[in-house]
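Fold and contact review
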Amino acid sequence: MVRTFARPIPLVLTLAFCTFIPVMMAAVRVVQIPLDALPEDSLRLTSVPVAFFLHALAGVLFGVLGPVQFVRALRRRFGTLHRLTGQVFVLAGVGLALSGLALLLQVESIATGLLNAARGVFGVALIAVLVLGVAAARTHAMLRHRAWMIRAYAIGMGSGTVAPVMFPVYLISGEPPTGLTTDIVVVGMWLLTIAVGESVVRRLAFPNHCSPSAP
Ligand code: HEM
């Protein structure tokens, strides 16, 4: 499975599938917040409107640019563009984490302590990993740079990969799924996403490791 993910097209398609719902949801919020057209269960977040808006906007940019940045053919042919969009990706990632932490600290949560702890840990981890990714690019350590950026994307988007499971529940019940079982599934999927990201990093670093013909 990881071999498949290590190839560019399956990787990008898988990322796009897993992140489509959270990215679309964030895009809808980007429009709804300035129009004052939010659904009732998101209204509590308007107590910190700037952080809420920035979080949604950063989520869209981070979610859309991530898969594009990983396409090797684009990196090779459009190196300058890759660097430019990479800077936006990093800023969006840092903005996503900082605004997520601001929401966590300033809005009364309806989630359990487990999910909130995960949000805190992964929010801080996302900033740290992006800093390491930028530092690696500055020293032209491109393998290390790519590894940290894959990890950053997995950490940032990990909270949303549960959406293909949870969104149908939301549509059927009409209410966002909550409670300990839901949060265990969300955190589990978050950890699984990070583990898959790590496997891709290893696969790219040691391309022949899993090959049947490897010595
Ligand atoms: C490290 C990554 C992330 C952290 C720490 C984080 C943190 C948070 C927190 C604390 C909330 C408020 C939850 C509540 O009280 O209901 C929230 C809401 C939200 N997040 Fe994130 N988030 C992260 C990643 C993302 C990503 C990648 C996206 C989109 C692509 C995203 C989109 C949203 C949206 C749209 C909401 C508002 C949900 C609603 O309207 O009810 N977040 N996030």
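Residues numbered from 1 in each chain as written. Predicted model: local features only at pLDDT ≥ 70, side-chain atom pairs only at ≥ 80, totals over all residues. Heavy atoms only, no water.

**A closer look at the site of the ligand**
Surveying the vicinity of the ligand reveals 21 residues, the closest of which are R29, S42, R44, H55 and G156. A distance of 2.7 Å separates an oxygen atom of the ligand from a polar atom in the side chain of S42. One of the side-chain N or O atoms of R44 is found 2.4 Å from an oxygen atom in the ligand. Elements that contribute at least two residues to the shell around the ligand include exactly helix 2 (8-35), helix 3 (49-69), helix 5 (79-106), helix 6 (113-138) and helix 7 (142-157). Broken down by class, the residue content of the shell around the ligand amounts to eleven nonpolar, seven polar and three charged. (Near = heavy atom within 4 Å. Polar contact = N/O pair within 3.5 Å; in protein donor to acceptor, adjacent residues only side chain to side chain. Helix = DSSP H or I, 4+ residues; strand = E, 2+ residues; numbered from the N terminus. Nonpolar A, V, L, I, M, F, W, Y, C, P; charged D, E, K, R; others polar.)

**Here's the deal with the coordination of the iron atom of the ligand**
The sole protein-derived ligand of the iron atom of the ligand is H55 (NE2), positioned 2.0 Å away. As for its position among the elements, H55 is in helix 3. (Donors = N, O, S within 2.8 Å, 3.2 Å for Na, K, Ca; no water.)

**Observations regarding the environment of A26**
With respect to the secondary-structure elements, A26 resides in helix 2. The buried category is assigned to A26, whose relative accessible area is 12%. Taking the C-alpha atoms as reference, A26 lies 6.0 Å from V60; in sequence the two are 34 residues apart. Those residues in contact with A26 that sit more than four places away from it in its chain are A56 and V60. (Buried < 20%, exposed > 50% of the residue type's maximum accessible area, 1.4 Å probe, protein only. Contact = heavy atoms within 4.5 Å.)

**Here we look at the packing of helix 7 against helix 9 (residues 180-205)**
Where helix 7 meets helix 9, the closest approach of the two axes is 8 Å, and the angle between their N-to-C directions is 165 degrees. On the basis of their axis angle, the class for helix 7 and helix 9 is roughly antiparallel. For the crossing formed where helix 7 meets helix 9, the hand is right-handed. On the side of helix 7, the interface is formed by R146, A147, I150, R151, A154 and I155, while helix 9 contributes W190, T193, I194, G197, E198, V200, V201 and L204. Looking at the contact of helix 7 with helix 9, its residues break down into nine nonpolar, two polar and three charged. (Axes fitted to C-alpha atoms, helices over the stretch in contact; angles between N-to-C directions. Parallel < 35°, antiparallel > 145°, perpendicular 65-115°, else oblique. Left-handed = near helix turned anticlockwise from the far one by under 90°.)

**Let's talk about the packing of helix 6 against helix 9**
Taken N-terminus to C-terminus, the directions of helix 6 and helix 9 make an angle of 25 degrees; their axes are 9 Å apart at the nearest point. The angle between helix 6 and helix 9 places the two elements in the roughly parallel class. Residues L114, L115, A118, R119 and F122 of helix 6 form the contact with helix 9, whose participating residues are D183, I184, V186, V187, W190, L191 and I194.

**Here we look at the packing of aromatic side chains**
Two aromatic rings, taken as a pair, are described by how far apart their centres are and by the angle between their planes. Summed over all chains, the structure comprises six aromatic pairs. Summarising the aromatic geometry, the rings of F62 and F89 are spaced 4.6 Å apart at their centres and angled 10 degrees between planes, so their arrangement reads as stacked. Taken together, the residues span a long stretch of sequence, with F62 in helix 3 and F89 in helix 5 at a distance of 27 residues. F89 shares its class with F62; the two are buried. Above the face of the W148 ring, R151 is positioned so that its terminal group lies 4.6 Å from the ring centre. (Phe/Tyr/Trp six-rings, centres within 6.5 Å; stacked < 30°, edge-to-face > 60°. Lys NZ or Arg CZ within 6 Å of the ring centre and 35° of its normal.)

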